[in-house]
Amino acid sequence: MKYVLYKFPYDIGQAMDRDTVLLEKLPSLVKPELIAVEYGNDIYEVTNDLIHDVTEDLAEMEKYKKGYQFTATVPKEPEILPAITDKFFLYEMFGIVMPVYGKENILIAFGVTVREE
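As the structure is a computational prediction, the values presented were derived from the model and not from experiment. (Residues numbered from 1 in each chain as written. Predicted model: local features only at pLDDT ≥ 70, side-chain atom pairs only at ≥ 80, totals over all residues. Heavy atoms only, no water.)

A short note on helix α1 (residues 43-59)
Since the α-helix advances by 3.6 residues per turn, residues separated by three or four positions end up pointing in the same direction.
So, point 1. Here α1 contains 17 residues, and its C-alpha end-to-end distance of 23 Å stays within 8% of the 24 Å for a straight helix at 1.5 Å per residue.
So, point 2. Along its length, α1 shows its largest kink, about 30 degrees, at Asp49.
So, point 3. Listing the buried residues of α1 in full gives Ile43, Val46, Thr47, Leu50, Ile51, Asp53, Val54, Thr55, Asp57 and Leu58.
So, point 4. The opening residue of α1, the one whose side-chain oxygen lies 3.1 Å from the backbone nitrogen of Tyr44, is Asp42. (Helix = DSSP H or I, 4+ residues; strand = E, 2+ residues; numbered from the N terminus. Expected span 1.5 Å × (residues − 1). Bend = angle between axes of the 7 residues up to and from the residue. Buried < 20%, exposed > 50% of the residue type's maximum accessible area, 1.4 Å probe, protein only. Polar contact = N/O pair within 3.5 Å; in protein donor to acceptor, adjacent residues only side chain to side chain.)

Structural notes on the pattern of salt bridges
So, point 1. What the rule picks out here adds up to two salt bridges.
So, point 2. The residue Asp57 makes a salt bridge to Lys7 at a minimum N-O spacing of 2.8 Å. Separated by 50 residues along the polypeptide, Asp57 in helix α1 and Lys7 in strand β1 (residues 2-11) bring together distant segments of the chain.
So, point 3. Among the residues examined, Asp57 registers a relative accessible area of 14% and is labelled buried.
So, point 4. As a salt-bridge pair, Lys76 and Glu79 come within 4.0 Å of each other at their nearest N and O atoms. (Salt bridge = Lys/Arg side-chain N within 4 Å of Asp/Glu carboxyl O.)

Here's the deal with the nonpolar core
Nonpolar side chains in soluble globular proteins tend to be buried together.
So, point 1. By size, the foremost hydrophobic cluster in this structure holds 19 residues, and its most contacted members are Leu5 and Met93.
So, point 2. Counting residues per element, the ones that place at least two in this core are β1, α1, β4 (91-99) and β5 (106-115).
So, point 3. With six residues, α1 is the largest single contributor of residues to this core.
So, point 4. Setting aside residues up to four positions removed in sequence, Leu5 forms contacts with Glu33, Leu34, Ile35, Ala36, Leu50, Asp53, Val54, Met93, Phe110, Gly111 and Val112.
So, point 5. By size, the runner-up hydrophobic cluster in this structure holds nine residues, among which are Phe8, Ile80, Ile84 and Phe94. (Core = buried A, V, L, I, M, F, W, Y, C linked by side-chain atoms within 4.5 Å. Contact = heavy atoms within 4.5 Å.)

Here you go:
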């Protein structure tokens, strides 16, 4: 299987309440950017690679070059992505940008599609 990773172009954390997406703050139907492609038999086989792809992508972003650490969530069933895009994703992930001296983490949304090779 081919797992294709996409990044959404804004900080979704600013548009989220604890449990609810505030749709009025989100751009309607944003287009994600292709980040990486991983190959494996199932999502569990590529999870570590996807996490690495997310953190590496965030670390390469110019605005996060200094004073930040990075991590990512494991792929899970989409909850947020259906509200912000009409593209179908089988899994969603979040890149977490942690400012060393800041108060709040920054959440960047990622989506994963699955295709036959």
